[in-house]
Amino acid sequence: MILFVNACVRPESRTRRLADCLLGRLDGTVKEITLIENDFPKMDADFIRGRDQWVESADYSSPVLDYAKDFAAADTIVIAAPYWDLSFPAALKQYLEQICVSGITFYYENGVPKGLCRAEKLYYITTAGGPVYGDFGYGYVRTLAQVFFGIAHTECVQAEGLDMPGADVEQILRAAEEKIAAGS
Ligand SMILES: Cc1cc2nc3c(=O)[nH]c(=O)nc-3n(C[C@H](O)[C@H](O)[C@H](O)COP(=O)(O)O)c2cc1C
């Protein structure tokens with residue numbers, strides 16, 4: 001199963017276009033989670049206390065844990081997120097908070113996180129209006145994948161400068177699509 005974590009927001013999303021290009025080249029059934037349509041539980045003190053109790057008693061029956069279970073079970077993960085405020089939309093952070101569950105996507109061995117996820121590879125797809133500064137979007141997700149989830153193999157596909165004056169948007173997107181085609 002390919003898990004498509006869709007953090008795109010706009011109907012005309014360019015990030016979504018690149019994600020569709022990649023998904024069209026991958027083998028397997030796609031399960032999509034559209035983050036903008038999800039009302040994630042508030043991570044308040046009660047929620048954290050309750051979740052800690054489930055983990056302590058190894059009771060993973062709550063449907064709230066389905067996000068983490070789906071992520072752990074996927075063979076391939078594709079995350080598509082536009083570049084917002086140097087990283088990604090807050091809904092993706094909310095989702096990541098829901099899937100970081102000890103006992104499902106990772107566990108601690110002598111205080112060190114070890115991965116429990118099945119995926120061989122995680123793709124991160126993004127598009128940016130200007131240049132991508134730092135590595136706060138993909139870099140963060142890559143480190144989570146490697147340190148928490150045990151997914152060593154990650155790849156970023158990105159298209160930059162789409163909102164710059166005079167940008168040839170179509171040409172930039174086609175170049176990214178060609179890169180996707182060449183890589184698979
Ligand atoms: C809320 C918001 C924040 C953004 N922040 C940045 C930014 O920090 N740097 C940048 O280069 N572009 C920024 N942009 C522009 C988007 O990265 C760019 O338009 C991107 O291609 C949007 O992806 P989409 O077509 O998939 O929606 C921002 C756009 C929005 C709506």
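That block above? That's the structure.
The structure reproduced in this document is the subject of the present report. The structure displayed is predicted, hence computed values, not measured ones.

Structural notes on the packing of aromatic side chains
Tallied over the entire structure, the rule returns nine aromatic pairs. Geometrically, the ring pair formed by F106 and Y108 is edge-to-face, given 5.2 Å between the ring centres and 90° between the ring planes. Taking the relative accessible area as the measure of exposure, F106 reaches 4% and is therefore buried. Arranged with centres 4.6 Å apart and planes meeting at 55°, the rings of F106 and F148 form a pair that is tilted. Taken together, the positions of F106 in strand 4 (residues 106-109) and F148 in helix 5 (residues 138-149) put the pair 42 residues apart, joining distant regions of the chain. Aromatic ring contacts, followed pair by pair, group F40, Y67, F71, Y95 and F149 into a single cluster.

Points about helix 5
Among the residues making up helix 5, those that are buried are Y138, G139, V141, L144, A145 and F149. Where helix 5 is buried, its residues meet helix 3 (66-73), strand 3 (76-80), helix 4 (90-99), strand 5 (112-115), strand 6 (121-127) and strand 7 (153-159). Positioned one or two residues after helix 5, G150 has a phi angle of 75°, which is positive.

Describing the sheet that holds strand 1 (residues 2-6)
An order of 2-1-3-6-7 is seen for the five strands of this open sheet, with the pairing classed as parallel. Strand pairing shows two members of the sheet lacking a second neighbour, strand 2 (30-34) and strand 7, which therefore form its edges. Each strand of the sheet is rotated relative to its neighbour by a mean of 15°, with strand direction disregarded. Summarising the sheet, strand 1 and strand 2 pair through five bridges and their orientation is parallel. Among the inter-strand pairings, I2 is bridged to a residue of strand 2, identified as V30. Set on the sheet, helix 4 makes contact with strand 1, strand 2, strand 3 and strand 6; between it and strand 1 the angle comes to about 135°.

So, unusual backbone geometry
Here A58, not a glycine, exhibits a phi torsion of approximately 50°, which is positive. Relative to the helices and strands, A58 is located in the loop between helix 2 (45-56) and helix 3. Positioned with a positive phi, N110 is a non-glycine residue whose angle comes to about 50°. Along the polypeptide, N110 turns up in the loop between strand 4 and strand 5. For N110, a relative accessible area of 78% gives the class exposed.

Some thoughts on the pairing of strand 4
As paired elements, strand 4 and strand 5 share four bridges and run antiparallel to each other. Paired with F106 across the bridge in strand 5 is G115. Counting the residues that bridge the hairpin from strand 4 to strand 5 gives two residues, and of these N110 lies at a positive phi of roughly 50°.

Criteria and cut-off values
Residues numbered from 1 in each chain as written. Predicted model: local features only at pLDDT ≥ 70, side-chain atom pairs only at ≥ 80, totals over all residues. Heavy atoms only, no water. Phe/Tyr/Trp six-rings, centres within 6.5 Å; stacked < 30°, edge-to-face > 60°. Buried < 20%, exposed > 50% of the residue type's maximum accessible area, 1.4 Å probe, protein only. Helix = DSSP H or I, 4+ residues; strand = E, 2+ residues; numbered from the N terminus. Contact = heavy atoms within 4.5 Å. Pairing = 2+ DSSP bridges. Axes fitted to C-alpha atoms, helices over the stretch in contact; angles between N-to-C directions.

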